[in-house]
Amino acid sequence: IIKQADVFLWIGLHEPDAALLEKMQEEFGLHELAMEDARAAHQRPKLETYGESLFIVVKTATLIENKIIFGETHFFAGKNYLVTLRHGKSKSYSTVRDSCEENPQRLALGTGYALYALLDAIVDNYLVAVSDLHSQFNQIEADIFDARISTEKLQRIYSIKRELMLLRDAAQPLVDICNELMRFHEDVIPKSIRVYLRDVQDHSRRVIESCDTMREMLISAMQIN
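Trainee: How should I be thinking about the sheet that holds strand S1 (residues 9-14) in this particular structure?
Mentor: Strands in a sheet are paired, the pairing made by backbone hydrogen bonds, and the direction either parallel or antiparallel. Spatially, S1-S5-S4-S3-S2 is the arrangement adopted by the five strands of the open sheet, whose pairing is mixed. Strands at the two margins of the open sheet, each flanked by one partner only, are S1 and strand S2 (46-50). Sheet twist, expressed as the mean angle between neighbouring strand axes with direction ignored, is 20°. In this sheet, strand S5 (residues 81-87) lies alongside S1 in parallel orientation, the contact comprising six bridges. Among the inter-strand pairings, Leu-9 is bridged to a residue of S5, identified as Tyr-81.

Trainee: Help me understand the pairing of S5, please; the structure alone is not making it clear to me.
Mentor: The side chains of a regular strand alternate, residue by residue, between the two faces of the sheet. Counting buried positions over the seven residues of S5 gives seven, a clear majority of the element. Here S5 shows two buried faces, one formed by Tyr-81, Val-83, Leu-85 and His-87 and the other by Leu-82, Thr-84 and Arg-86. Count of turn residues in the strand S4 (residues 67-78)/S5 antiparallel hairpin: two residues.

Trainee: So what exactly am I meant to see when it comes to the environment of Arg-156 here?
Mentor: Secondary-structure assignment places Arg-156 in helix H6 (residues 151-183). Remark: the alpha-carbon pair of Arg-156 and Phe-137, spanning 19 residues in sequence, is separated by 9.4 Å. Every residue in contact with Arg-156, bar those within four places of it in the chain, is listed here: Leu-133, Gln-136 and Glu-163. Only 3.4 Å separates the side chain of Arg-156 from the side chain of Glu-163, close enough to count as a polar contact.

Conventions used here
- Counting restarts for each chain, with residues numbered from 1 along the sequence as it is written.
- The predicted origin of the model limits local features to residues at a pLDDT of at least 70 and limits the giving and counting of side-chain atom pairs to 80 or more, whereas totals for whole chains, interfaces and linings rest on all residues.
- Excluded from the side-chain calculations are hydrogens and water; all other atoms, namely the structure's heavy atoms, are used.
- Being paired, for any two strands, means DSSP has found at least two bridges between them.
- Here a helix means four or more residues in a row that DSSP labels H or I, a strand means two or more in a row labelled E, and each is numbered from the N terminus.
- For helices, the fitted line uses only the C-alpha atoms of the stretch in contact; every axis is such a line through C-alpha atoms, and the angle between N-to-C directions lies from 0 to 180 degrees.
- The buried label goes to any residue with under 20% of its type's maximum accessible area, the exposed label to any with over 50%, and the partly exposed label to all in between, with areas taken from a 1.4 Å probe on protein chains only.
- Note on contacts: a residue pair qualifies if any of its non-hydrogen atoms lie within 4.5 Å across the two residues.
- The term polar contact refers here to a pair of N or O atoms within 3.5 Å; inside protein, the definition further demands a hydrogen-donor-capable atom paired with an acceptor-capable atom, and it admits residues adjacent in sequence only when both atoms are side-chain atoms.

Remember that the coordinates give geometry; whether it matters functionally is a separate question.
Right, dumping it as structure tokens:
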């Protein structure tokens, strides 16, 4: 069925076992080197080309009970298929898929639009995480300048600083990934999708700038303290 030109397959998996991964590799002709990365997880964000398919790794950030949980999603993208592998705790992409199916004209664009929709959802979660960290920062900002600040709040400041760094490290590679998707790989990403990817790239930059600003404020306040 994958060889039919008018067919688009979109498959989403969460931490699949070795047998299922082997089956996916067989059905879609996925490259062995990409499969090695998919099996191991804990990969750095990247975009690699294997023949006519793309392998993309993106870090995810999900706010669960006021705590940011980091994971990753692997994408196998071909001309008429998209396979996603989620690792770690993260929200299901079912709502993204439902939204795409409500816009059949856009979904008809195939892999490119589905990939954009997922990357957009991932970056939206970055923005939610940034907003939560900003709220936490505002709550303790006044206390930072108190010489008698408690050990608990001081630890929380260091924790926020670390989460900002991890969030920035997740968002930064997406700028380059979107840039490459907009410039190359037209067989998978049609030109009509590029404007959407530019939006994802802009939001990624906003996350980076917000993280940098807050980290600088935290460092300055801690030095004063």
